[in-house]
Structures are given as C-alpha cells and as structure tokens.
Amino acid sequence: MIYPIVLYGDPVLRQPTTEIAHGTDLKELIRDMFETMEHAQGIGLAAPQIGKSIRLFVVDGTGLEDEPGMEGFRKAFVNPVMLEELGNDWECEEGCLSIPNIREPVARREKLRIRYYDEDWNLHEEEYDGMKARIIQHEYDHIEGKLFIDYLTPLKKRLLKSKLSDISRGKVDTEYRIKYKV
Ligand code: NI
C-alpha cells in the first residue's frame, strides 16, 4: 500500500515520536514504507512522513548511481538510538519528500554510530560514514521532529518562506500523492 506523503506544515512532522513496543509485528508497515518511498523515488522515509508518530525509518541507497558502497544499504531502523556522531562537518545538498522541489546544502558530521532493531527485532550496533551516514542523519532527524531546513541560515529561510508556505498549503507539483494540513 502506498501512503500519501505528509507535507511540511503538518504538525506530525514536528511531534516527538514514541518508541515501538518490542516484538510488534512491523512487516506490513515496513513493506508499505518501502513501497511508498520507491514510488516517490526517495532514498529515505521516516514514519512521521506517512502520519505515524513512531520511531521508525527506512532507507534505500542502492539506486544511487554515483555513490559507491551502497550495496545492501536498504534497511529499516526500528527504535534507533544515535550513539555518537564524529568527524568533520561536510556539506551536501539535501532534499526531502515532505518539502518537495527545495534542495539546499546542509553540513553534517561525517560519521556516526547507531543502535537499532531490524524488522525481526534483532539488535544491531553499526558505524556509517559518508552518504550512508547522511541519509541516516536526515531520517533520524525526522523522528526527532527536525527537518533539514532547520539548519539553514535565517536569510536562506526568509528567501524560502513563500515556497514553504505554498508547500504547507499543498500548492506544489509532485509525482506522488501528498497530504497536507488544511
Ligand atoms: Ni526528509
């Protein structure tokens, strides 16, 4: 099932998310999240973006042609905990399915260590760097109620204000179904 993607302006994107009860069957939801993400041609999707305020996101970098080392980087992160972010800041342009047609450079640390459960409730603790780390950081922010535009300078935000206000009213072109707060 493909969910409509919640747009910027909907309070669910800003709410603190709740932990998922251990052992909950998430198979169908995770399958639907992958389907929704693929349909929208995204490389990451967090549960709040389909209106669910829980600590879950999925990533899939395997389709990124110019990024080496993405084999197998298609997974779900359940109840993730960011343990550490290290290394230098590096800038890269980011976008977000909830903020269509806006891309801006964001500086993030180059490495991280994260603990999470997979969809079968196996616990993992792993390190990521580069583009994989960035995708995880962006999605992890979503479950903390944070968006990439929060990192922009006040001037940049002012310049984007009318675009963002259009997005929050659903006045934006997308190739995927959207849902916005009226
Ligand atoms: Ni996003």
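For the structure, see preceding data.
Residues numbered from 1 in each chain as written. Predicted model: local features only at pLDDT ≥ 70, side-chain atom pairs only at ≥ 80, totals over all residues. Heavy atoms only, no water.

Draft legend 1. Representation of the side chain of His-138. Mapped onto the elements of the fold, His-138 is located in helix H2 (residues 130–143). Given the relative accessible area of 8%, His-138 is considered buried. The residues touching His-138, leaving out its near neighbours within four places in the chain, are Glu-94, Gly-95, Cys-96, Arg-108 and Phe-148. (Helix = DSSP H or I, 4+ residues; strand = E, 2+ residues; numbered from the N terminus. Buried < 20%, exposed > 50% of the residue type's maximum accessible area, 1.4 Å probe, protein only. Contact = heavy atoms within 4.5 Å.)

Draft legend 2. Focus on the coordination of the nickel ion. Protein coordination at the nickel ion comes from Cys-96 (SG), His-138 (NE2) and His-142 (NE2), with a distance range of 2.1 to 2.2 Å. Donor residues for the nickel ion sit on one chain with the sequence pattern C-x41-H-x3-H. Of this pair, Cys-96 sits in strand E4 (residues 74–96) while His-138 sits in helix H2, placing them 42 residues apart in sequence. (Donors = N, O, S within 2.8 Å, 3.2 Å for Na, K, Ca; no water.)

Draft legend 3. Geometry of the pairing of strand E5 (residues 99–117). Of the pairings in the sheet, the one linking E4 to E5 comprises 13 bridges and is antiparallel in character. Opposite Glu-91, over in E5, you have Ala-107 as the bridge partner. Turn length for the E4-E5 hairpin, with the two strands adjacent in sequence and antiparallel, is 2 residues. The pairing of E5 with strand E6 (residues 123–129) spans 7 bridges and is antiparallel. Of the residues in E6, the one forming a bridge with Tyr-117 is Leu-123. Where E5 folds back onto E6 in an antiparallel hairpin, the turn is made up of 5 residues, including Trp-121, whose phi is positive at roughly 65°. (Pairing = 2+ DSSP bridges.)

Draft legend 4. A look at the packing of aromatic side chains. For the structure shown, the criterion picks out 5 aromatic pairs. Both rings, one in Tyr-117 and one in Trp-121, keep their centres 5.2 Å apart while their planes meet at 50°; by these two values the pair is tilted. A cation over a ring is seen here: Arg-74 above Phe-34, with NZ or CZ 4.2 Å from the ring centre. The ring of Trp-90 carries Arg-134 above its face, with NZ or CZ at 4.1 Å from the centroid. (Phe/Tyr/Trp six-rings, centres within 6.5 Å; stacked < 30°, edge-to-face > 60°. Lys NZ or Arg CZ within 6 Å of the ring centre and 35° of its normal.)

Draft legend 5. Fine view of the pattern of salt bridges. Applying the stated criterion across every chain, the model contains 16 salt bridges. Linking Glu-38 and Arg-74 is a salt bridge whose minimum nitrogen-to-oxygen distance equals 2.4 Å. Separated by 36 residues along the polypeptide, Glu-38 in helix H1 (residues 27–39) and Arg-74 in strand E4 bring together distant segments of the chain. As a salt-bridge pair, Glu-144 and Arg-55 come within 3.0 Å of each other at their nearest N and O atoms. In this pair, Glu-144 is assigned in the loop between H2 and helix H3 (154–168) and Arg-55 in the loop between strand E2 (44–46) and strand E3 (56–60), connecting sequence segments 89 residues apart. Take Glu-144: its relative accessible area is 43%, and that puts it in the partly exposed class. (Salt bridge = Lys/Arg side-chain N within 4 Å of Asp/Glu carboxyl O.)

Draft legend 6. Examining the sheet that holds E3 more closely. The 5 strands are arranged E2-E3-E4-E5-E6 in an open sheet whose pairing can be described as antiparallel. Two strands close off the open sheet at either side, each with one partner strand: E2 and E6. Shown here is a sheet whose adjacent strand axes are inclined to one another by a mean of 45°, direction ignored. Along the sheet, H1 contacts E2, E3 and E4; its crossing angle with E3, the most-contacted strand, is approximately 45°. Across the sheet, H2 lies against E2, E3, E4, E5 and E6, angled at about 115° from E4, the strand it touches most. (Axes fitted to C-alpha atoms, helices over the stretch in contact; angles between N-to-C directions.)

Draft legend 7. Structural view of the layout of surface pockets. Computed from the structure, the largest pocket encloses a volume of approximately 520 Å³. The wall of the largest pocket is formed by 26 residues, among which Ile-43, Glu-94, Gly-95, Cys-96 and Arg-103 lie closest to the centre. Only E4, E5 and H2 provide two or more residues apiece to the lining of the largest pocket. Ranked by residue count, the leading element in the lining of the largest pocket is H2, at 6 residues. For the lining of the largest pocket, the residue count by class is 10 nonpolar, 8 polar and 8 charged. (1 Å grid on protein atoms, 1.4 Å probe; cavity = no way out; pocket = protein on both sides within 12 Å on 5 of 7 lines; lining within 4 Å. Points joined across faces, edges and corners; volume = space filled by probe spheres on them. Nonpolar A, V, L, I, M, F, W, Y, C, P; charged D, E, K, R; others polar.)

None of this, on its own, says anything about what the molecule does.
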